Amino acid sequence: QVQLVESGGGLVQVGGSLRLSCAASGSTFRFNAMGWYRQAPGKQRESVAAITNGGSINYADSVKGRFTISRDNTKNTVYLQMNSLKPEDTGVYYCNVKLGILEREYWGQGTQVTVSS
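In this text the structure is predicted, and so the values were computed from the model without any measurement.

*Asks:* Could you give an account of the overall build of the chain, naming the residues involved and the relevant values?
*Replies:* Of regular secondary structure, the chain possesses zero helices and 11 strands. Seen in sequence order, the chain has helices and strands lined up from the N terminus as β-β-β-β-β-β-β-β-β-β-β. Relative to the compact-globule value of 13 Å for 117 residues, the chain shows a C-alpha radius of gyration of 14 Å, a close match. When the backbone C-alpha atoms are referred to their principal axes, the chain occupies close to 45 × 25 × 25 Å. Sequence-distant contacts, at least 24 apart, represent 53% of the contacts inside the chain between residues at least 6 apart. Summing over all exposed atoms, the chain offers an accessible surface of approximately 6,400 Å²; the carbon and sulfur share of this is 48%. Counting 12 positive and 8 negative side-chain charges, the chain places the centres of these two groups 3 Å from one another.

*Asks:* Hey, could you go over the packing of aromatic side chains for me, with residue numbers and the actual values?
*Replies:* Applying the stated rule across the entire model yields one aromatic pair. Arranged with centres 4.9 Å apart and planes meeting at 65°, the rings of Tyr 37 and Trp 107 form a pair that is edge-to-face. With Tyr 37 in strand 4 (residues 34–39) and Trp 107 in strand 10 (residues 104–107), this residue pair connects regions lying 70 residues apart in the sequence. It is Arg 19 that lies over the ring of Tyr 79; its NZ or CZ is 4.1 Å from the centre. In this structure, Arg 45 is placed above the aromatic ring of Tyr 94, and the distance from its NZ or CZ to the ring centre is 3.7 Å.

*Asks:* So what's going on with the pattern of salt bridges? Residues and values would help.
*Replies:* Per the counting criterion, the structure on display carries five salt bridges. A salt bridge links Glu 46 to Arg 38; the nearest nitrogen and oxygen atoms lie 2.8 Å apart. The class of Glu 46 is partly exposed, set by a relative accessible area of 34%. You can call Arg 38 buried: its relative accessible area is 6%.

*Asks:* For the state of the cysteines, give the residues involved together with the corresponding values.
*Replies:* One pass over the structure, following the stated rule, counts one disulfide. Here Cys 22 pairs with Cys 95 through a disulfide, and the sulfurs are 2.1 Å apart. On the sign convention where negative means left-handed, the S-S torsion of about -80° between Cys 22 and Cys 95 marks this disulfide as left-handed. Taken together, the positions of Cys 22 in strand 3 (residues 18–25) and Cys 95 in strand 9 (residues 91–99) put the pair 73 residues apart, joining distant regions of the chain.

*Asks:* Please set out the side chain of Lys 98 residue by residue, giving values where relevant.
*Replies:* Turning to its location among the elements, Lys 98 is positioned in strand 9. In this structure, Lys 98 is in contact with Phe 31, Asn 32, Ala 33, Tyr 37, Glu 103, Arg 104 and Glu 105, ignoring residues within four places of it in sequence.

*Asks:* Any chance you could break down the pairing of strand 5 (residues 46–51) for me, citing the residues and the numbers?
*Replies:* Two strands pair when backbone bridges link them, and strand 4 and strand 5 are joined in this way by five bridges, in the antiparallel orientation. Bridge assignment links Arg 38 to a residue of strand 5, and that residue is Glu 46. With antiparallel pairing between neighbouring strands as the criterion, strand 4 and strand 5 make up a hairpin whose turn holds six residues, including Gly 42 at a positive phi of roughly 80°. Here strand 5 runs beside strand 6 (residues 57–59); their pairing, made up of three bridges, is antiparallel. Its bridge partner being in strand 6, Ala 50 is matched across the sheet by Asn 58.

Reading guide: rules and limits
Residues numbered from 1 in each chain as written. Predicted model: local features only at pLDDT ≥ 70, side-chain atom pairs only at ≥ 80, totals over all residues. Heavy atoms only, no water. Helix = DSSP H or I, 4+ residues; strand = E, 2+ residues; numbered from the N terminus. Rg over C-alpha atoms; globule rule 2.2 N^0.38 Å. Contact = heavy atoms within 4.5 Å. Areas by Shrake-Rupley, 256 points an atom, 1.4 Å probe, with all protein chains shown as cover. Lys, Arg positive; Asp, Glu negative; His and termini not counted. Charge placed at Lys NZ, Arg CZ, Asp CG, Glu CD. Phe/Tyr/Trp six-rings, centres within 6.5 Å; stacked < 30°, edge-to-face > 60°. Lys NZ or Arg CZ within 6 Å of the ring centre and 35° of its normal. Salt bridge = Lys/Arg side-chain N within 4 Å of Asp/Glu carboxyl O. Buried < 20%, exposed > 50% of the residue type's maximum accessible area, 1.4 Å probe, protein only. Disulfide = S-S within 2.5 Å. Pairing = 2+ DSSP bridges.

Next up, the structure:
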């Protein structure tokens, strides 16, 4: 059973920084893509950043140049360093991983990020 444990959310002022972590467990195989989504109140969940097993990275246009995703395969952990935070970055951030040939998806429980102006 794959489990994802997220940490690092919180309340920060505009321009501040936060670092999210997501530790995955329960699989003997390396996870394929690992990434982060977010959902703001009243909006759909959107992809923020993703990193493949091979190190290819994609960012949402809205976070390019401010957020950095990385992963440590020895720990099955993905990180999201968020700098220059804006009020529009506020939302619940969810870790997402894909596993296996069928790329079955697993989700974390979500961690709240609130950017105050």
